[in-house]
Amino acid sequence: MKYQVQENCLTIYLPGEVDDHNADGIRREADAVIDRNHIKYVIFDFEKTDFMDSSGIGVIMGRYKTVSLIGGEVWAVHANERIRKILTLSGVTKIMQIYEEETV
Amino acid sequence: MKGTNEMEIRFDSRSENEGFARVAVASFMTQLNPTVEEVADVKTAVSEAVTNAVIHGYEGRRTGKICIRCKIRENVFTVEVSDSGKGIRNVDEAMQPMFTTKPEQERSGMGFAFMEAFMDRVEVESEPGRGTCVKMERTVGKGREIWTTQSL
């Protein structure tokens, strides 16, 4: 899993496909980093992602549960139209903000 | 392309085969000349059904076999995902959004909801101890003929 930590903020650079096969690895690594760095904000970067199924929704919900206990937030960035559809349909957008890029 | 065509694949119940399954189905589907969105919808639905077979049907038993049958009849695409796993005791309950028997694994409980959202029809047949078969249908290219055949 590619990630970056800036203070209490963790950015997870998600792979091209997020499914049941790789969700578990992302989950485990993310939790270790969150724990070690006292992470409050988790940003899911979908720049490279063009496929995600409900396993990815489980990953987002799980991380939200962890950081919301300390008043944290989860965000989505660089989500393409397909990913936005999945996020909206699942209802996860109720707990997660989608960062809208400025269109120049 | 008009007419009928069928294909069938069988593979082990391993999570690494989920990607293979959706790509195989998507590639078979291309002869219907689907839109990018139609392919993505079917891929998501197939991924959900295969994931269910892997984690619920066989509960991680990697030697179980999953079978996918695809059929094309005119512009109707049918895909059946079946396993010989443990089956579902209460199908209606399992199909409820957010319902999951494995909350400790952070399952979202959205699998069947996604299948229903992305396909025109989803039918589930299951018998405890015998296995589950999920039959899904999607009409490809709805309303597209009208504008593709228009002359300038």
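Position numbers for residues count from 1 along each chain, tracking the sequence in the order it is written. Chains carry letters from A onward and ligands carry numbers from 1 onward, assigned in written order. Reporting of local features is limited, given that this is a predicted model, to residues whose pLDDT is at least 70; pairs of side-chain atoms are given and counted only at 80 or more, and all residues count toward the totals for whole chains, interfaces and linings. Excluded from the side-chain calculation are hydrogens and water; included are all heavy atoms of the structure.

**Student:** An account of the side chain of Ser82 of chain B is needed here, citing residue identities and associated values.
**Tutor:** Secondary structure elements follow DSSP: runs of H or I no shorter than four residues count as helices, runs of E no shorter than two count as strands, and numbering proceeds from the N terminus. Inspection of the secondary structure puts Ser82 of chain B in strand 3 (residues 76-83). Setting aside residues no more than four positions away along its own chain, Ser82 of chain B makes contact with Lys65, Ile66, Cys67, Arg69, Thr132 and Cys133 of chain B. Residue contacts are counted whenever heavy atoms from the two residues lie within 4.5 Å of one another.

**Student:** Give a detailed account of the packing of aromatic side chains, specifying residues and quantitative values.
**Tutor:** All names here are of chain B. Think of it this way: a Phe, Tyr or Trp ring, Trp meaning its six-membered ring, pairs with another when their centres are within 6.5 Å, and the plane angle makes it stacked under 30 degrees, edge-to-face over 60, tilted otherwise. Applying the stated rule across the entire model yields three aromatic pairs over all chains. When the ring of Phe28 is compared with that of Phe77, the centres are 6.5 Å apart and the planes differ by 45°; the resulting orientation is tilted. Taken as a pair, Phe28 in helix 1 (residues 17-29) and Phe77 in strand 3 lie far apart in primary sequence, 49 residues in all. Only protein chains enter the accessibility calculation, which uses a 1.4 Å probe. A residue is then buried if its area is under 20% of the maximum for its type, exposed if over 50%, and partly exposed in between. Look at Phe28 and you get buried, because its relative accessible area is 12%. Classification of Phe77 as buried rests on a relative accessible area of 0%. On the basis of an interplanar angle of 75° and a centroid distance of 5.8 Å, the ring pair of Phe114 and Phe118 is categorised as edge-to-face. Here Phe114 pairs with Phe118, and both are found in helix 4 (residues 111-118), just four residues apart, close to one helical turn.

**Student:** Which residues make up the nonpolar core, and what values go with them?
**Tutor:** Residues Val50, Ile68, Phe77, Val79 and Met136 of chain B are the most contacted members of the largest nonpolar core, which totals 39 residues. For this core, the element with the highest residue contribution is helix 2 (residues 36-57) of chain B, accounting for nine residues. Excluding residues within four positions of it along the chain, Phe77 of chain B makes contact with Val25, Phe28, Met29, Leu32, Val42, Cys70, Lys71, Ile72, Met136, Glu137, Arg138 and Val140 of chain B. Put simply, buried Ala, Val, Leu, Ile, Met, Phe, Trp, Tyr and Cys residues joined by side-chain atoms within 4.5 Å make one nonpolar core. Formed by 32 residues, the second largest nonpolar core is a distinct cluster that contains Ala23, Ile86 and Ile98 of chain A together with Phe114 of chain B.

**Student:** How would you summarise empty space enclosed by the protein if you had to cite specific residues and measurements?
**Tutor:** Residue and element names in this part refer to chain B. Buriedness for pockets is judged along seven lines, at least five of which must meet protein on both sides within 12 Å for an open set on the 1 Å grid over protein atoms alone, while cavities are sets there where a 1.4 Å probe fits but cannot get out, and lining residues have an atom within 4 Å of a point. Grid points are joined across faces, edges and corners, and a volume is the space filled by probe spheres set on the points. One pass over the structure, following the stated rule, counts one cavity of 30 Å³ or more. There is about 40 Å³ of room inside the largest cavity. Lining the largest cavity are Thr78, Arg121, Val122, Glu123, Lys135, Met136 and Glu137. Listed by contribution, the elements that provide at least two residues to the lining of the largest cavity are strand 4 (121-127) and strand 5 (131-139). Under the convention adopted here, Pro, Cys and the residues Ala, Val, Leu, Ile, Met, Phe, Trp and Tyr are nonpolar, Asp, Glu, Lys and Arg are charged, and Gly plus all remaining residues are polar. Residues belonging to the lining of the largest cavity are distributed by class as follows: two nonpolar, one polar and four charged.

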